[in-house]
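Close look at the chain arrangement
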Amino acid sequence: MILQGLLSDNVQLTELLSRLESIADGAELVAFMEFLVDAYDLKTCAYLGFDVTARPEQEPYLAVTYTQEWIEHYKAQQYVNIDPAVHIGMRRILPTDWENFDLRSDDVRRLFGDAIEFGLGRHGISLPVHGQHCDKALVSITCDAGILEWRHRRLQYMRDFQMLALYIHQAVLRLEGRVVEQMRLSPRERECLQWAGEGKTAWETAVILGLSERTVRCYLEGARYKLGAANNAHAVNKAGKTSLLSQLP
Amino acid sequence: MITIVEGADRDHHPTLLDEMFRMRAVVFADRLEWDVSVTDGREIDRFDAEDPLYLLSLDDRTGTLQGAVRLLPTTGPNMLRDVFPVLVPGGAPASPLIWESSRFAVNPAAFNECERVEANHVVNRTTIELLCGIVEVSQRAGIEHVVSVFDARMARIFRTIDCAFEVIGIPTRIGRTMSYAGVFDMSDAMRERLGEAGRLLAPVLTGVEPQRIPDLRHA
């Protein structure tokens with residue numbers, strides 16, 4: 001499916017998502033992110049979550065694959081106060097390419113210079129996550145590919161990490177004891193998924209249900225997200241396990 | 001042309017956004033008589049506090065505001081889920097690949113002075129330009145569908161300009177008008193149809209390098 005463009009051959013998105021579900025603590029989450037770095041040929045991966053716990057005044061949740069040296073340097077220099085990835089990225093719904101940051105400020109130029117010195121990639125993007133209850137997060141990835149290769153990969157990174165970022169965020173919510181509501185499938189989502197389970201394509205399902213193909217795709221997207229599934233087959237499988245498909249109206 | 005303003009850019013465009021909130025008051029409270037709250041002549045709701053993405057249509061020569069629309073991720077707070085759940089009894093669509101559009105408005109002031117025939121042209125052109133902007137910005141972020149709540153009047157406009165949508169859930173009378181929840185496909189085909197309807201073949205977003213997500217849905 002969508003991820004195979006960039007993932008190394010022996011890794012599937014389905015596998016990534018089931019690994020996420022079994023994560024039991026922060027260390028395992030970082031290990032998972034390190035696995036992503038390898039699988040996607042990245043330099044680093046970082047997660048920063050706000051309002052992920054029900055406790056007020058809680059510090060943001062941080063999970064990063066950065067070296068301890070960079071974390072300490074970043075803290076000592078108080079880079080969090082000027083880091084545009086944090087300040088701009090968090091207030092967007094579009095993914096932010098670090099190339100577009102305003103480098104006119106000396107501090108910001110120094111931050112990115114230091115970052116490369118401490119082993120971050122030359123290119124980076126930050127993807128905002130908007131959760132159900134005004135909880136927010138930012139997932140940033142860096143990569144050291146050449147500029148042309150980066151431009152080519154960036155679009156696929158964006159798309160894959162739109163999904164991965166959200167699922168990492170949900171794993172953090174779970175670790176922090178927040179109840180992630182199991183979302184109900186709508187009748188149409190169930191129907192479309194059932195037909196996908198029968199091996200029908202979106203086009204065939206559209207004909208069967210008298211819908212347009214794009215609407216069937218939209219229902220399937222919704223169903224995949226609600227089930228935390230990588231693709232339609234994965235969604236059918238997960239829905240079967242939780243017997244969501246049998247709850248017909 | 002269409003300018004993107006996100007939460008992070010708000011401070012750079014204070015007057016433009018203020019103008020948009022005033023325009024929304026005129027359109028939604030005064031003209032359409034929707035049940036919206038207007039304070040100091042500005043229509044602002046709780047979703048404007050969620051750092052949405054605004055698309056603003058500005059006149060190429062004068063820079064005046066011709067229209068605007070607001071986009072929100074469906075994974076977070078959005079109107080269909082939180083305000084109009086009655087339209088989707090089975091639950092509102094939610095996915096990182098689906099956004100919601102709301103507060104779609106064409107500025108009455110932009111065509112008040114025009115002749116009637118010319119005014120219709122401005123309305124149509126601005127409407128189509130905003131819709132093209134939605135498709136272009138969605139494609140930049142890998143978004144595949146946009147959902148929206150709209151009334152019978154907008155449904156007629158969408159049909160006139162060949163902007164295909166499919167109703168999801170159950171259309172319901174809310175206040176004086178029938179309301180629909182619809183889904184729009186953010187595909188090249190959609191952009192082409194709109195481009196032909198409005199003779200807008202070149203990108204409408206300003207200052208944006210073309211960024212296309214390859215269509216891997218059939219891969």
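Procedures and definitions
Residues numbered from 1 in each chain as written. Chains lettered and ligands numbered in written order. Predicted model: local features only at pLDDT ≥ 70, side-chain atom pairs only at ≥ 80, totals over all residues. Heavy atoms only, no water. Helix = DSSP H or I, 4+ residues; strand = E, 2+ residues; numbered from the N terminus. Buried < 20%, exposed > 50% of the residue type's maximum accessible area, 1.4 Å probe, protein only. Areas by Shrake-Rupley, 256 points an atom, 1.4 Å probe, with all protein chains shown as cover. Pairing = 2+ DSSP bridges. Contact = heavy atoms within 4.5 Å. Axes fitted to C-alpha atoms, helices over the stretch in contact; angles between N-to-C directions. Parallel < 35°, antiparallel > 145°, perpendicular 65-115°, else oblique. Left-handed = near helix turned anticlockwise from the far one by under 90°. Nonpolar A, V, L, I, M, F, W, Y, C, P; charged D, E, K, R; others polar. Arc of directions from axis to C-beta. pLDDT = per-residue confidence, 0-100. Buried area = accessible area lost by both parts, 1.4 Å probe. Salt bridge = Lys/Arg side-chain N within 4 Å of Asp/Glu carboxyl O. Domains from an automatic or database assignment.

1. Considerations on the overall build of chain A
- Of the regular secondary structure elements, chain A holds 10 helices and five strands.
- Here chain A holds 249 residues, and 55% of them are scored as buried.
- About 11500 Å² of surface is accessible on chain A, with carbon and sulfur atoms providing 50% of the total.

2. Some remarks on the pairing of strand β8 (residues 166–174) of chain B
Residue and element names in this part refer to chain B.
- Across six bridges, β8 lies against strand β9 (residues 177–185) in antiparallel orientation. Across the sheet, E166 pairs through a bridge with V183, a residue of β9.
- Following β8, the chain reverses through two residues before pairing antiparallel with β9; G175 in that reversal takes a positive phi of roughly 65 degrees.

3. Concerning the sheet that holds strand β4 (residues 123–130) of chain A
Residues and elements named next belong to chain A.
- Here five strands make up an open sheet; going across it, the order is β2-β1-β5-β4-β3 and the pairing antiparallel. A strand with exactly one partner marks an edge of an open sheet, and here the two such strands are β2 (61–64) and β3 (96–97).
- Bridge analysis of strand β1 (residues 44–50) against strand β5 (residues 136–143) gives seven bridges, and the strand direction is antiparallel. Bridging from a neighbouring strand, A46 pairs with S140 of β5.
- Contacts between helix α2 (residues 26–39) and the sheet are confined to β1 and β2, with β2 contributing the most and set at about 45 degrees to the helix.

4. Quick notes on the packing of helix α1 (residues 13–21) of chain A against α2(A)
All names here are of chain A.
- Relative orientation of the contacting elements α1 and α2 amounts to 165 degrees, with a least axis distance of 10 Å. Classified by the angle their axes make, α1 and α2 are roughly antiparallel. By crossing handedness, the relation of α1 to α2 is classed as left-handed. On α2, the residues that touch E15, L16, R19 and L20 of α1 are L29, F32, F35 and L36.
- In terms of residue class, the contact of α1 with α2 is made up of six nonpolar, no polar and two charged.

5. Some remarks on helix α8 (residues 202–209) of chain A
Residue and element names in this part refer to chain A.
- Along α8, the residues classified as buried are A202, T205, A206 and L209. For α8, the buried positions fall inside an angular range of 105 degrees around the axis, keeping them on one side. For α8, the exposed residues lying more than 90 degrees away from the buried face are W203 and V207.
- Positive phi shows up at G210, right after α8, with a value of about 70 degrees.

6. Concerning the environment of T14(A)
Residue and element names in this part refer to chain A.
- Position of T14 relative to the elements: it lies in helix α1.
- Judged by its relative accessible area of 24%, T14 is partly exposed.
- In this structure the C-alpha to C-alpha distance between T14 and H87, which are 73 residues apart in sequence, comes to 32 Å.
- Apart from residues lying up to four places away in sequence, T14 is in contact with A230, N231 and H234.

7. Some points on the sheet that holds strand β6 (residues 98–106) of chain B
- Overall, mixed pairing links the seven strands, which are arranged β1-β4-β5-β6-β7-β9-β8 (chain B) in an open sheet. Every other strand in the sheet has two partners, leaving β1 (2–5) and β8 of chain B as the edge strands with one partner each. Between one strand and the next, the sheet's axes are offset by a mean angle of 25 degrees, whatever the strand orientation.
- Relative to β6(B), strand β5 (residues 65–73) of chain B is paired through six bridges, and the arrangement is antiparallel. Paired with A68(B) across the strands is A105(B), a residue of β6(B).
- Seen against the sheet, helix α9 (residues 213–227) of chain A touches β6, β7 (145–151), β8 and β9 of chain B and runs at an angle of roughly 85 degrees to β8(B).
- Each of β6, β7 and β9 of chain B is contacted by helix α4 (residues 152–160) of chain B, which is oriented at about 125 degrees to β7(B), the strand it contacts most.

8. Things to note about the confidence of the model for chain A
- This prediction gives chain A a mean pLDDT of 85; 90% of its residues lie at or above 70.
- Confidence scores differ between elements of chain A, with helix α10 (residues 232–241) of chain A showing the lowest mean pLDDT of 78 and β5(A) the highest of 95.

9. Quick look at unusual backbone geometry
- One non-glycine residue, D41(A), lies in the positive phi region at around 55 degrees.
- Here D41(A) lies in the loop between α2 and β1.
- A positive phi angle, near 65 degrees, is found at D162(B), a position not held by glycine.
- Relative to the elements of secondary structure, D162(B) occurs in the loop between α4 and β8.

10. Some words on the interface of chain A and chain B
- If you look at the interface, chain A gives 37 residues, while chain B gives 47 residues.
- Note on chain A versus chain B: buried area summed over both sides is about 3800 Å², and carbon and sulfur give 55% of it.
- For the pair chain A and chain B, the number of links is five salt bridges.
- In this structure, R159(A) engages E144(B) in a salt bridge whose closest nitrogen and oxygen atoms are separated by 2.8 Å.
- Of all the elements in the fold, those that place two or more residues in the side of chain A that touches chain B are α6 (147–175) and α9 of chain A.
- A per-element tally of the side of chain A that touches chain B places α9(A) first, with 10 residues.

11. Quick notes on the domain arrangement of chain A
Residue and element names in this part refer to chain A.
- Assigned domains of chain A: these are domain 1 (13–175) and domain 2 (187–246).
- Each partner contributes residues to the interface: domain 1 has eight residues there, and domain 2 has eight residues.
- Summing the contributions of domain 1 and of domain 2, the shared interface buries around 620 Å²; its carbon and sulfur component is 57%.
- Counting across the domain 1 and domain 2 interface gives zero salt bridges.
- Looking at the side of domain 1 that touches domain 2, the elements with two or more residues in it are α1 and α6.

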